[in-house]
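Listed below, chain by chain, are the residues.
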Amino acid sequence: GAVVSQHPSWVICKSGTSVKIECRSLDFQATTMFWYRQFPKQSLMLMATSNEGSKATYEQGVEKDKFLINHASLTLSTLTVTSAHPEDSSFYICSATWTSGGFSSYNEQFFGPGTRLTVL
Amino acid sequence: QKEVEQNSGPLSVPEGAIASLNCTYSDRGSQSFFWYRQYSGKSPELIMSIYSNGDKEDGRFTAQLNKASQYVSLLIRDSQPSDSATYLCAVNNIMDSSYKLIFGSGTRLLVRP
């Protein structure tokens, strides 16, 4: 159980284009999803927290107009990198957790396999 | 600022030995503790969770929690070369309505054949 998928697993795009990454919880309802970015040999960096049906909460320094997050259903969140530039090239990883009655199941987060974005 | 500290390593152990990975955290309200394994180029994988003081064993893995000392550790018995990875410690205060995990920067483990 607790399987999270991401699509695509890798993408190459030209500078200035937009890229959408999907994150799906396959066997549970994910009321909260998280988007992380990880540069080579660096730590995970939380970009934003996404709750179903509401606006995402972005971490300090993350441009919300550049990284658009939508969490329209309990099993799907999307991250759109708008007007991508080479410095946006990174490994983007989503994770998901579920909550019940306002409390999560100890806040375990299950990660998707990640999406490697290369912007030329 | 809530922090989770880990030694970056690398921690090098011979095959068959016990690997001991340590983590300290600053938020005394933390109640959930997790160990994730991350292979190079892959996403993190949850391997252990612990919520109460003491030890929790799962196969070759044992998580140890000491809330008074704000310390959590992971022991890997009979280490195998396939255990070579970065191990991330993560903590959470379940009263934090954001449900965020605070991650350490990870300890790189190398198991020598």
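For clarity, every value in this text was computed on a predicted model and none was experimentally measured. (Residues numbered from 1 in each chain as written. Chains lettered and ligands numbered in written order. Predicted model: local features only at pLDDT ≥ 70, side-chain atom pairs only at ≥ 80, totals over all residues. Heavy atoms only, no water.)

A.B. asks: So, the overall build of chain A: which residues are in play, and what are the values?
C.D. replies: Along the backbone of chain A there are zero helices and 13 strands. The secondary structure elements of chain A, listed N-terminal to C-terminal, are β-β-β-β-β-β-β-β-β-β-β-β-β. The C-alpha atoms of chain A give 14 Å as radius of gyration, which agrees with the globular expectation for 120 residues (14 Å, within 12%). The 120 residues of chain A split such that 48% are buried. Looking at chain A alone, contacts between residues at least 24 apart form 56% of all its contacts between residues at least 6 apart. (Helix = DSSP H or I, 4+ residues; strand = E, 2+ residues; numbered from the N terminus. Rg over C-alpha atoms; globule rule 2.2 N^0.38 Å. Buried < 20%, exposed > 50% of the residue type's maximum accessible area, 1.4 Å probe, protein only. Contact = heavy atoms within 4.5 Å.)

A.B. asks: I'd like to hear about the interface of chain A and chain B, residue by residue, with values.
C.D. replies: Interfaces are often described in size by the accessible area the parts lose on coming together. Counting from both sides, the interface comprises 25 residues of chain A and, opposite them, 22 residues of chain B. At the boundary of chain A with chain B, total buried surface from both sides reaches about 1,800 Å², with 59% on carbon and sulfur atoms. Linking chain A with chain B are one salt bridge. Of the charged contacts in the structure, one is a salt bridge between Glu59(A) and Lys100(B), with a shortest N-O distance of 3.1 Å. Taken together, chain A and chain B are joined by six residue pairs in polar contact (both at pLDDT 80 or more). Counting residues per element, the ones that place at least two in the side of chain A that touches chain B are strand E4 (32-38), strand E5 (45-51), strand E9 (90-97), strand E11 (103-104) and strand E12 (110-111) of chain A. If one sorts the elements of the side of chain A that touches chain B by residue count, E4(A) sits on top with four residues. Per-class residue counts for the side of chain A that touches chain B are 11 nonpolar, 11 polar and three charged. (Buried area = accessible area lost by both parts, 1.4 Å probe. Salt bridge = Lys/Arg side-chain N within 4 Å of Asp/Glu carboxyl O. Polar contact = N/O pair within 3.5 Å; in protein donor to acceptor, adjacent residues only side chain to side chain. Nonpolar A, V, L, I, M, F, W, Y, C, P; charged D, E, K, R; others polar.)

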